[in-house]
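For reference, the chains in residue letters:
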Amino acid sequence: MRHEKVLVLDFGGQYNQLIARRVREQNVYCDLVPYTMSMKKIREYDPIGIIFTGGPNSVYEKDAPSVDPEIFRLGVPILGICYGCQLIAYMLGGEVAHAKTREYGKSDIHYSAESALFQNVTSQNICWMSHTDYVKEVPSGFKVTAKTATCPAAGFEDIERKIYGIQFHTEVHHTIEGEKILHNFLYNVCGATGDWTMANFVDEQVAVLRKKLSGKKVLCAMSGGVDSAVAATLIHRAIGENLTSVFVDHGLLRKGEAEEVVDVFRDRLGMNLIKADARERFLSRLAGVTDPEKKRKIIGDEFIKVFEAEAKKIGAVDFLVQGTIYPDVIESGKGASAVIKSHHNVGGLPSVVDFKEIIEPLRDLFKDEVRKVGEELGLPESVVQRQPFPGPGLAIRIMGEVTEEKLQTLRDADFIMREEIAKAGLNREIWQYFAVITSTSTVGVMGDARTYEPVIALRAVTSVDAMTADWARIPYDVLEKISNRIINEVAHANRIVYDITSKPPATIEWE
Ligand code: XMP
C-alpha cells in the first residue's frame, strides 16, 4: 500500500497543478490543497514533505495568504517556490523587497553544488522566473544556495530545519534540469522511495474495487473518451460481468470511433457493453437547427433520454460510474478553479438512473496518469491517447445545420488530418487538431466544372489545459499534404483554410 504523500499548499499561482503533476511524475503521490488547510488536518495527512506554491500576492499585502508558523516546527521538509519562498523568508525574519519591474522569463542562475537540492545539477544554468517581489535578505540560520543578477537569494536553505526556498519555477520546462531539483527535494531531502506508479495504482485499485463492488451491479456510460474508457476497464478488471456499460452512438463521433468502442470493449475485452444505436434519432432532432446552443441542448437531452431507456431495461443498480478526474475535484487556493469538467457531458445521468451510489475510480488522477493507467490495462494507443473531444461531438464542428452529408465530409476530412499529423509525428505535441465545416460556401473549379461548397477549416492548437491555447505551427508541407489529400479524396471539398487564432480571443472549437 502507498504511504508516501506530499502536500502541495496552493497559494493561487498559475503553475500549481503543474507542480503537483511534476511531483507525481517523480513517482511520489501528492495532493494539491488550499493553503488554508488546518494544522490538525496537515498532521493527520502525515506528509513526507510540503511544498508551498507560487501565488499572485505580495507578502506585504493586507490579508496576504499565509500559514500557521507552527508548520515550520513540524520537522517535515518544506520547499517554497516563488511566493512560497518569499513567505518563508518573510515569516522567519528575512527581508522581502519590491522590485521596480516584474521579472518574467528565462534567467541565468548559479547554483551552489553543496546544496542537497542542486546535487547533479549543472551549476551555471537557466531558470524560469515570474515575480515582482524578491528575497533580499535570508532569515538567520539560512544559507543562500542560488543567485541570479536580480535575485541575491534565488535559492536558500536551512538544512537543520529542512526548509528550502527557490524563487524560480522548477515545474516549468524552461528551467533546465528543473525536474532534477524537484527529484532532489523529494528523494534527498524528504527521503521518498517512489511508490506512486500506475502499475501500483492498478493493482491497489483493482483490489479496493473488488472488495467494494463484489456482488454489486455497476453501470457505466461509455462515451468513447479516455476517462470513461479507463474507468470502465478498471472496474471491469475488478468485477467482470457485474459491470454493464452503455454506449450511446449518436452518430457524431469521428470516423471509426464508434466501431472501435465496440471492437475494443465488447469483442476484445469481453465487457458487457450495450450499444444504443441512436444515430437516426439524433439526426432527425437536429434537422433544421443552426444555433450552436440549441444543438448542444438537443444533444444533451437526447443523450439522457436514450440512456434512460437503456438504464430502465437494466433496472436498479448499486453503483453508477463517473469518469471524474483530479483536476475536476481540486479546490484552488483562490476558490473554485475554473477548469473544464470532463464529466459534465454525463452530468444529467444521475437523475435518470436508479442507483445507490456514485463511484469515481479516477478521481485521484491527472489526465496523463489516466492515460498511463489505460496503457497498464492494455488499452490500445488509439483509445488511450485520444484527444479531448466535445460531448456534442461533430455537431459543433459543423457550422449551421447538421446533415448526414456534411457529417460524412467532416469525418473524412478529419480522418485525413489525423492521419497526416500522426505520420508527421506531431500527434503528441499538438493538444487538439481537427477539421471544421464552415457555413460559408465558395466557388472552386474541379476539372472543367465549377463547384460551390462549404469551406473546410483546419484547427490545431497547443495547450496545457484548454483554458488558453496557441495555434500550432504545423510545417507548411504537412499542411499542404493534408489540404491536397482532403481536396482529392473527400466529397464536397474545394477550399481549405487554416485557423491562426490563439485562445483567447478565439475558443478552440468553432461551434
Ligand atoms: P473551447 O472551444 O471552449 O473548448 O476553447 C475548450 C475545451 O473543451 C472542449 N469542449 C468540451 N469538452 N464537453 C467536453 O467534454 C463539451 O461540451 C465541450 N465543448 C468544448 C474543447 O474540445 C476544448 O478541448
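Residues numbered from 1 in each chain as written. Predicted model: local features only at pLDDT ≥ 70, side-chain atom pairs only at ≥ 80, totals over all residues. Heavy atoms only, no water.

1. Concerning the overall build of the protein chain
Reasoning step 1: In terms of regular secondary structure, the protein chain is built from 14 helices and 20 strands.
Reasoning step 2: Here the C-alpha atoms of the protein chain give a radius of gyration of 26 Å, agreeing with the 24 Å that 2.2 N^0.38 yields for 511 residues.
Reasoning step 3: By its C-alpha atoms, the protein chain is 80 × 60 × 40 Å across when sized along the principal axes.
Reasoning step 4: Counting over 511 residues, the protein chain shows a buried share of 54%.
Reasoning step 5: Looking at the protein chain alone, contacts between residues at least 24 apart form 74% of all its contacts between residues at least 6 apart.
Reasoning step 6: When the accessible surface of the protein chain is totalled, it reaches about 22600 Å², and 50% of it is carbon and sulfur.
Reasoning step 7: Positive and negative side-chain charges of the protein chain, numbering 61 and 71 respectively, have mean locations separated by a distance of 3 Å. (Helix = DSSP H or I, 4+ residues; strand = E, 2+ residues; numbered from the N terminus. Rg over C-alpha atoms; globule rule 2.2 N^0.38 Å. Buried < 20%, exposed > 50% of the residue type's maximum accessible area, 1.4 Å probe, protein only. Contact = heavy atoms within 4.5 Å. Areas by Shrake-Rupley, 256 points an atom, 1.4 Å probe, with all protein chains shown as cover. Lys, Arg positive; Asp, Glu negative; His and termini not counted. Charge placed at Lys NZ, Arg CZ, Asp CG, Glu CD.)

2. Section: the side chain of D249
Reasoning step 1: With respect to the element layout, D249 can be found in strand β11 (residues 243-249).
Reasoning step 2: Judged by its relative accessible area of 4%, D249 falls in the buried class.
Reasoning step 3: With near-sequence residues (within four places) excluded, D249 lies in contact with A258, K275, A276, D277, A278 and R279.

3. Points about the nonpolar core
Reasoning step 1: Within the largest apolar cluster, 71 residues are counted, with the highest numbers of intra-cluster contacts made by F52, I71 and F265.
Reasoning step 2: Per-element accounting of this core gives the leading share, nine residues, to helix α6 (residues 226-239).
Reasoning step 3: Counting the residues that make up this core, at least three belong to each of domain 1 (5-189) and domain 2 (198-384).
Reasoning step 4: Those residues within four positions of F265 in sequence are excluded, and the remaining contacts are M222, A229, T233, E260, G270, M271, L273, L379 and V383.
Reasoning step 5: Ranked by size, the runner-up nonpolar core spans 50 residues in total, among them L286, V289, L426 and A435. (Core = buried A, V, L, I, M, F, W, Y, C linked by side-chain atoms within 4.5 Å. Domains from an automatic or database assignment.)

4. Quick notes on the site of the ligand
Reasoning step 1: With respect to spatial proximity, 15 residues lie near the ligand, and among them R296, Q432, K503, I508 and E509 are the closest.
Reasoning step 2: Interatomic distance of 2.7 Å between a side-chain N/O atom of Q432 and an oxygen atom of the ligand.
Reasoning step 3: Contact distances for the ligand include 2.7 Å between an oxygen atom and a backbone N or O atom of I508.
Reasoning step 4: For the ligand, the accessible surface in isolation is 500 Å², of which the surrounding protein chains cover 86%.
Reasoning step 5: Looking at side-chain class alone, the shell around the ligand contains seven nonpolar, five polar and three charged residues.
Reasoning step 6: In this structure, the shell around the ligand is formed jointly by two domains, domain 2 (198-384) and domain 3 (403-498), each of which donates at least three residues. (Near = heavy atom within 4 Å. Polar contact = N/O pair within 3.5 Å; in protein donor to acceptor, adjacent residues only side chain to side chain. Nonpolar A, V, L, I, M, F, W, Y, C, P; charged D, E, K, R; others polar.)

5. A few points about helix α1 (residues 16-25)
Reasoning step 1: Burial of α1 is extensive: seven of the ten residues sit out of reach of the surface.
Reasoning step 2: Two residues or fewer past α1, N27 is found with a positive phi of approximately 65°.

6. Let's talk about the pattern of salt bridges
Reasoning step 1: As enumerated under the stated definition, the model contains 39 salt bridges in all.
Reasoning step 2: A salt bridge links E70 to R43, with the shortest nitrogen-to-oxygen separation between them at 3.3 Å. Of the two residues, E70 is situated in the loop between β3 (49-52) and β4 (78-81) and R43 in helix α2 (residues 39-45); the sequence distance between them amounts to 27 residues.
Reasoning step 3: We classify E70 as partly exposed; its relative accessible area is 25%.
Reasoning step 4: The class for R43 is partly exposed, based on a relative accessible area of 45%.
Reasoning step 5: Its salt-bridge partner being R296, residue E511 comes within 2.7 Å of it at the nearest N-O pair. Placement of E511 in the segment after β20 (496-498) and of R296 in helix α9 (residues 292-314) is noted, with a sequence separation of 215 residues between them.
Reasoning step 6: According to the relative accessible area criterion, E511 is partly exposed, its value standing at 25%. (Salt bridge = Lys/Arg side-chain N within 4 Å of Asp/Glu carboxyl O.)

7. Some details on the layout of surface pockets
Reasoning step 1: The computed volume of the second largest pocket comes to approximately 250 Å³.
Reasoning step 2: Surrounding the second largest pocket, 17 residues form its lining, D249, G251, E259, R279 and R411 being those nearest its centre.
Reasoning step 3: Mapped by element, the contributors of at least two residues to the lining of the second largest pocket are α7 (257-268), α8 (279-286) and α13 (404-423).
Reasoning step 4: Counted by class, the lining of the second largest pocket contains four nonpolar, three polar and ten charged residues. (1 Å grid on protein atoms, 1.4 Å probe; cavity = no way out; pocket = protein on both sides within 12 Å on 5 of 7 lines; lining within 4 Å. Points joined across faces, edges and corners; volume = space filled by probe spheres on them.)

8. Overview of the domain arrangement of the protein chain
Reasoning step 1: For the protein chain, the domain assignment lists domain 1 (5-189), domain 2 (198-384) and domain 3 (403-498).
Reasoning step 2: Residue-level contacts link 14 residues of domain 1 with 13 residues of domain 2.
Reasoning step 3: Summing the contributions of domain 1 and of domain 2, the shared interface buries around 1100 Å²; its carbon and sulfur component is 51%.
Reasoning step 4: The interface formed by domain 1 and domain 2 holds two salt bridges in total.
Reasoning step 5: At the junction of domain 1 with domain 2, the criterion picks out four residue pairs in polar contact (both at pLDDT 80 or more).
Reasoning step 6: Contributing elements (two or more residues each) for the side of domain 1 that touches domain 2: α1 and β2 (29-34).
Reasoning step 7: When the residues that make up the side of domain 1 that touches domain 2 are grouped by side-chain class, the tally is seven nonpolar, two polar and five charged. (Buried area = accessible area lost by both parts, 1.4 Å probe.)

9. Some points on the sheet that holds β4
Paired through their backbone hydrogen bonds, the strands of a sheet run either parallel or antiparallel.
Reasoning step 1: Taken in spatial order, the nine strands of this open sheet run β2-β1-β3-β4-β9-β8-β7-β5-β6, and their pairing is mixed. Two strands lie at the open edges of the sheet, namely β2 and β6 (124-137), each paired on one side alone. Ignoring which end each strand starts from, the neighbouring axes of this sheet average 20° apart.
Reasoning step 2: When strand β5 (residues 95-111) meets β6, the two strands line up antiparallel, connected through twelve bridges. Bridge assignment links V96 to a residue of β6, and that residue is V135.
Reasoning step 3: Where α1 meets the sheet, it contacts β1 (5-10), β2, β3 and β4, and its direction lies at approximately 160° from that of β2. (Pairing = 2+ DSSP bridges. Axes fitted to C-alpha atoms, helices over the stretch in contact; angles between N-to-C directions.)

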